[in-house]
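What the coordinates show
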Amino acid sequence: MLRIDIETCIGCGVCEEVCTFGAIEVVDGVAVVNEKCTLCGSCVDSCEAGALSIEGKDKAVQADLAEWSGIMIYAEYRHGKVAPVSFELLGIGRELADQQKVPLSAVLLGAGLGDAAKDLIFYGADIVYQVDDPVLEYFTDEIYGNILEDIIREQKPEVVLAGATAIGRSFIPLVATSLATGLTADCTQLVIRPEDGVLLQTRPAFGGNIMATIECPHTRPQMATVRPRVMKPAPHDPGRKGELIDYRPKAERMQSRVKVLRNVLEEQDQVNITEGDIIVAGGRGLDDKKGFELMRQLAEAVGGAVGASRAAVDAEWIPYPHQVGQTGKTVNPKLYIACGISGAIQHVVGMQSSETIVAINKDPHAPIFDVATYGVVGDLYEIVPKLIEKIKEKRG
Amino acid sequence: MDYFLTEEQQMIVDIARQITDEKIIPQRAELDEKEEFPNAILDDIAKADLFGLFIPETYGGFGGGCFEVVLALEQFGRGCVGVATSYAASALGAYPILLAGSQDMKQKYMPDIATGKKKAAFALTEANAGSDASGIQTTAELDGDEWVLNGTKQWITNGGDAQVYTVIAITDRSKGPRGASLFVVEDKDEGFSYGAKEKKLGIRASSTRELIFKNCRIPKDRLVGKVGLGFIVVMKTLDLSRPGIASLGVGLGQAALDEAVVYAKQRVQFSKPIIAFQAVQHMLADMAIGLEASRALVYAAAKHIDAHPKDMSKASSMCKVCATDMAMKVTTDAVQVLGGYGYMREYPVEKMMRDAKILQIYEGTNQIQRNVIGQELNKEYT
Amino acid sequence: MKIIVCVKQVPDAKDVRLDPKTNTMAREGVQSIMNPFDRHAVEEGVRLKEQHGGTVTVISMGPPQAEAVLREAVACGADEAVLVSDRAFAGADTWATTYTLGKAIENTGVFDLILCGKQAIDGDTAQVGPGLARRLNIPYVSYVRKITGYANGVIRLHRLMDDGYDEVEIPLPGLLTVVKEINEPRIPSLKGKMKAKGLSIRTLNAADIEADVDSIGLPGSTTQVVKVFAPEFKGERAMLEGTVDEQVAQLVKKLEPYL
């Protein structure tokens, strides 16, 4: 509850200015709060008269807080492979572990794990807790959740990270709720506050229009899921040494009320280009159907979908569902890379609200440069291959 | 402008708008291109309870009047006049039954029309009888317990896709204005068939077909009301339905104006968006003025009709002429504002201009409407 | 089947912007809507009811104006509506929210199935569904793309995975979170809207659900917001000059936030 001491309040309105949510305003010389208040405390900090306070903010801190130490990541394993996000988690995990001067551990669950645990060690894990059991072949929230919960209770890591994949986003909230602790989803930045070692978790909200930084100060572990392709993967060192522990869960923890009957793989033919954060689009300037092979490679390198101008679709270089524009789809991704597209209004109207637009075109007068954030005048067949190379390098 | 709708009227507008935005607009270009009857969209309209807006509650309808239909049609018209016409024509086909049919007949047909389970159509026009309705040549003869219909109707909206047809036929030519009667023909009746779907300039999603009656036998109780009432009921029907057509014009005009303004703000020529040029601004202003004025007239006429006045023909005709002539002008101007792009099928305004033309022609040409208005004025000032 | 659907009123995310200079959310012109994923949850609940009989109760934790989305759900076929509202719930994170919803659902009695949308477009965390299931100690499946059957108290469905889908069985009572692909939500009907207008909505406050004050709202939250800020504002525009290598190097640098 936000408490306003009306005797002390001088009606200066600083709180009104500072409030991000429009939840407090000065009415008849006194501050009044409405239901938009999220109790973030910005106004309390800004009030010079000291008239504002948040009631009940001093809440119980988890009794054994100090005993929780170490960084733990959940390494996702599916269809015989460690999911790439696991190496990215080891990357950020290593940074946090080094900062806190604590070990970095990984939890690996699956059936027929083979040498996967070793790989996790090469990528930076100091300890790997693995459970290799046929019952883990298919992902079930309950069994995966039970095992991870038990390992966490035993090992007491201060931070647990997982990938914000279909699996991670499904069962990590279960684990957090079972542990009565906080979880922040889809983090794009994780930083430890030096003063108190608390993890600051930054994530997008409102579809990415706003960023929020969140903390979990009073309970442990501090849990976060991280979007794939956001953090840098850890470097691979085949000389690294680490500990491999075969964890044995209790029998009753390996039960699930939900049953998975089978898994069906589907072609990820990204034809729904209206979802997704990045689009690489090709136009007449590609000169040839083969140009779309290059577009696909660039799209893969940046993790995006392939789009096209009407000219390319009319020339039958790529099917209609990829068309962006007046008679195609309207898209507004975070990043739109237009290659060999002139930028006629019929195309522009379908992509102009993209957050960042990159245009690569031979013609310096192409109208696309009027809407592009970054323009590159040149031969896309020289630029794009080099771009792909440099991007792959950066991603490691 | 605020027209002070009641809560229920606002609900109708909101639902119709949602259907237009979510269902009609995304499909209109394809429906027009393929000349496809919009069955799925009409189903959605039915599920939203909008087919029965004008049908009394006793028959499962909403019990609304002309104004409620006008509100729904304005939204659908903003989406696609072809789709909207299919909805409007069903109302047109149902009105004669509501106006003159017996309790039993209404009980038989109205509930299904209210739920959209059956669609209706109105069959008046013939090759030699358009504006001159009295020239119809389809005949109906009583033979024992059956009426036998012979003749051909032309350009019937929803022909072939409707299940219930109200047909006007001559029962006694010697009686002049009292020589025609109305009948309900059902799609499965023996001796009733359709011609091929006509290819049109606009409203291509709407079905327009010839209806052929060759010794078409229907039970006696299919007569709507009494023998000889045909032309009178037809005139009353058209009075009721005209504001709906006018409303299509208002919706269409709004859609065209919206496209024109958005385009004019985006299109840069001579270093400025073209909306900065007075020539364009004045065009847009005139479009907006005409649109709002016709909307006000349509709403006023519809409310006037819902008050069940003795004379509704003049109000009904005036709003039809005003809104449909305005729609033709606004859509043409919209194409002009979009210039070359407006002429291309890629942009929606050329379809709007093609669709507008029929509004000035069907349900009584605007020339006939002016006759009606002139005659009414003559009567008023004695 | 007694079905409960959780719905949330959210600002239309695409319209929400933070002014980077004043750090204030521009609230004018931002519509409040039913969370789009919840529309699909309501639709699925209504379809199941139409197929198997039963009732659909929609429930929402929110301020008084959240009533609007409850009525919208009723207009689309839900039978009853419950609003869980109290000043004390303010500032709740997903932990406190699942506690509150859990208590409210216990208050409404026995149920067979709870449906939730996959995530709310303001928070985007996708945590309430699984967390709520845990609170109620019932099984759950997330990312349901299609319900393929229901018999003998077991629902068979397709769960969307990153690489395809799983065929899954869940015994009831249980909870499902649904993705957009599961259905096309119906447009509200006129009769539905009129029913919704006249419906009295049950409102439950903290005392009604016997909530423990330390477990709700901000006091009951395990996480809290430290700060809110606008994503890096790309006001700049630039033509990247130089040799091909120079251009590529500059471009890669500019694209760093996306890689």
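Residues numbered from 1 in each chain as written. Chains lettered and ligands numbered in written order. Predicted model: local features only at pLDDT ≥ 70, side-chain atom pairs only at ≥ 80, totals over all residues. Heavy atoms only, no water.

Digging into the interface of chain B and chain A
The interface is formed by five residues belonging to chain B together with seven residues belonging to chain A. Both sides together, the interface formed by chain B and chain A hides about 680 Å², and carbon and sulfur atoms give 48% of it. When the buried area of chain B at its contact with chain A is split by residue, B:Gln266, B:Glu346 and B:Tyr347 rank highest and sum to 77% of it. Between chain B and chain A we count one salt bridge in total. Between A:Arg310 and B:Glu346 there is a salt bridge, with its nearest N and O atoms 2.8 Å apart. Each residue belonging to the side of chain B that touches chain A can be placed in one class, and the counts come to three nonpolar, one polar and one charged. (Contact = heavy atoms within 4.5 Å. Buried area = accessible area lost by both parts, 1.4 Å probe. Salt bridge = Lys/Arg side-chain N within 4 Å of Asp/Glu carboxyl O. Nonpolar A, V, L, I, M, F, W, Y, C, P; charged D, E, K, R; others polar.)

Remarks on the packing of helix H2 (residues 67-75) of chain C against helix H5 (residues 190-198) of chain C
Helices that pack against each other are described as a pair by the angle of their axes relative to one another and the distance between those axes. All names here are of chain C. Relative to each other, H2 and H5 sit at 140°, their axes nearing to 7 Å. When the axes of H2 and H5 are compared, the pair comes out oblique. Judged by the twist between their axes, the crossing of H2 over H5 is right-handed. For the pair formed by H2 and H5, the contact residues are Arg-71, Val-74 and Ala-75 on the first element and Gly-192, Lys-193, Lys-195, Ala-196 and Lys-197 on the second. (Axes fitted to C-alpha atoms, helices over the stretch in contact; angles between N-to-C directions. Helix = DSSP H or I, 4+ residues; strand = E, 2+ residues; numbered from the N terminus. Parallel < 35°, antiparallel > 145°, perpendicular 65-115°, else oblique. Left-handed = near helix turned anticlockwise from the far one by under 90°.)

Observations regarding the interface of chain A and chain C
Counting residues at the interface gives 96 residues for chain A and 83 residues for chain C. Both sides of the chain A and chain C interface together cover about 8,000 Å² of buried area, and 58% of this is carbon and sulfur. Interface area lost by chain A to chain C is led by A:Phe206, A:Arg257 and A:Tyr374, which between them contribute 9%. Counting across the interface, chain A meets chain C through six salt bridges. The partner of C:Glu167 in a salt bridge is A:Arg262, and the shortest N-O contact between them spans 2.7 Å.

A look at the sheet that holds strand E9 (residues 127-132) of chain A
Residues and elements named next belong to chain A. Taken in spatial order, the seven strands make up an open sheet running E11-E15-E10-E5-E8-E9-E16, and their pairing is parallel. With one partner strand each, in any of the chains shown, strand E11 (183-187) and strand E16 (243-246) form the two edges of the open sheet. Taking the axes of each pair of neighbouring strands and ignoring which way they run, one obtains an average angle of 20° across the sheet. Contacts from helix H3 (residues 85-100) reach strand E5 (71-75), strand E8 (104-110), strand E10 (159-163) and strand E15 (222-226) within the one sheet, and its direction differs from that of E5 by about 180°. (Pairing = 2+ DSSP bridges.)

As for unusual backbone geometry
Along the chain, A:Arg220 connects to A:Pro221 via a cis peptide bond; the corresponding omega equals 0°. The residue A:Pro221 is located in the loop between strand E14 (210-215) and E15 in this model. In the Ramachandran plot, B:Asn215 falls in the positive-phi region, its phi being about 50° despite a non-glycine side chain. Relative to the helices and strands, B:Asn215 resides in strand E7 (residues 208-219). The class for B:Asn215 is partly exposed, based on a relative accessible area of 47%. (Buried < 20%, exposed > 50% of the residue type's maximum accessible area, 1.4 Å probe, protein only.)

A closer look at the confidence of the model for chain C
Low-pLDDT portions of the prediction should not be read for the details of their coordinates. All names here are of chain C. Looking at chain C as a whole, the pLDDT averages 90, with 92% of positions reaching at least 70. Averaged pLDDT values for the elements of chain C fall to 64 in strand E4 (residues 24-25) and rise to 98 in strand E1 (residues 2-6). This complex was scored by the predictor with a pTM of 0.84 and an ipTM of 0.89. (pLDDT = per-residue confidence, 0-100.)

A closer look at the side chain of B:Thr324
All names here are of chain B. Here Thr-324 shows up in helix H8 (residues 313-343). Residue class for Thr-324 comes out buried when judged on its relative accessible area of 0%. Apart from the residues lying within four places of it in its own chain, the contact partners of Thr-324 are Ile-245, Ala-246, Leu-359, Gln-360 and Asn-366.

Here we look at the pattern of salt bridges
According to the stated counting rule, one finds 64 salt bridges over all chains in the structure shown. A:Arg240 is paired through a salt bridge with A:Asp126; the nearest N and O atoms lie 2.9 Å apart. Of the two residues, A:Arg240 is situated in the loop between E15 and E16 and A:Asp126 in the loop between helix H4 (116-122) and E9; the sequence distance between them amounts to 114 residues. Note on A:Arg240: relative accessible area 21%, which makes it partly exposed. B:Arg209 is the partner of B:Asp161 in a salt bridge, and the nearest nitrogen-oxygen pair spans 3.4 Å. Placement of the pair is B:Asp161 in the loop between strand E3 (146-157) and strand E4 (164-170) and B:Arg209 in strand E7, with a sequence separation of 48 residues. Where salt bridges share partners, they join A:Arg78, A:Asp141, C:Arg159, C:Asp163 and C:Asp166 into one cluster.

Things to note about the sheet that holds strand E11 (residues 164-171) of chain C
The strands making up a sheet associate through hydrogen bonds between their backbones, and the pairing can be parallel or antiparallel. Spatial ordering of the open sheet is given by E17(A)-E11(C)-E10(C)-E9(C)-E12(C)-E8(C)-E1(C)-E6(C)-E7(C)-E13(C), a layout of 10 strands whose pairing is mixed. In the strand order of this sheet, the two ends are held by strand E17 (259-265) of chain A together with strand E13 (202-204) of chain C, each with one partner. The mean angle between the axes of side-by-side strands here comes to 30°, regardless of whether they run parallel or antiparallel. Taken together, the five bridges between strand E8 (residues 113-117) of chain C and strand E12 (residues 174-178) of chain C define a ladder with parallel strand orientation. Within E12(C), the residue paired with C:Ile114 across the bridge is C:Leu175. Packing against the sheet, helix H6 (residues 166-178) of chain A makes contact with strand E9 (140-151) and strand E10 (154-161) of chain C, and its axis sits at approximately 95° to E9(C). Sheet strands touched by H2(C): strand E6 (55-61) and strand E7 (80-84) of chain C. Its angle to E7(C), the strand with the most contacts, is close to 165°.

Comments concerning helix H2 (residues 39-47) of chain B
Among all positions in H2(B), only B:Ile41, B:Leu42, B:Asp44, B:Ile45 and B:Ala46 are buried. Those residues of H2(B) that are buried lie in contact with helix H1 (7-34), helix H3 (66-79) and helix H4 (81-100) of chain B.

A few points about helix H1 (residues 36-52) of chain C
Residues and elements named next belong to chain C. Helix length check: H1 (17 residues) gives 25 Å between terminal C-alpha atoms against 24 Å at 1.5 Å per residue, within 8%. Of the residues making up H1, those classed as buried are Phe-37, Asp-38, His-40, Ala-41, Val-42, Glu-43, Glu-44, Gly-45, Val-46, Leu-48 and Lys-49. Positive backbone phi, at 80°, marks Gly-53, one or two positions downstream of H1. (Expected span 1.5 Å × (residues − 1).)

Examining the pairing of strand E12 (residues 189-193) of chain A
Residue and element names in this part refer to chain A. Burial of E12 is one-sided: the residues Leu-190 and Ile-192 facing one way are buried, the residues Gln-189, Val-191 and Arg-193 facing the other way are not. Summarising the sheet, E12 and strand E13 (residues 198-205) pair through five bridges and their orientation is antiparallel. Within E13, the position partnered with Val-191 by the bridge is Leu-200. Where E12 folds back on E13, the antiparallel hairpin that results is connected by four residues, among which Gly-197 adopts a positive phi of roughly 70°.

Considerations on the pairing of E13(A)
All names here are of chain A. Taking burial as the measure, the eight residues of E13 include eight buried ones, the bulk of the element. Residues of E13 alternate between two faces, with Val-198, Leu-200, Thr-202 and Pro-204 on one and Leu-199, Gln-201, Arg-203 and Ala-205 on the opposite face, all of them buried. Pairing analysis gives five bridges linking E13 to E14, with the strands arranged antiparallel. Within E14, the residue paired with Pro-204 across the bridge is Met-211.

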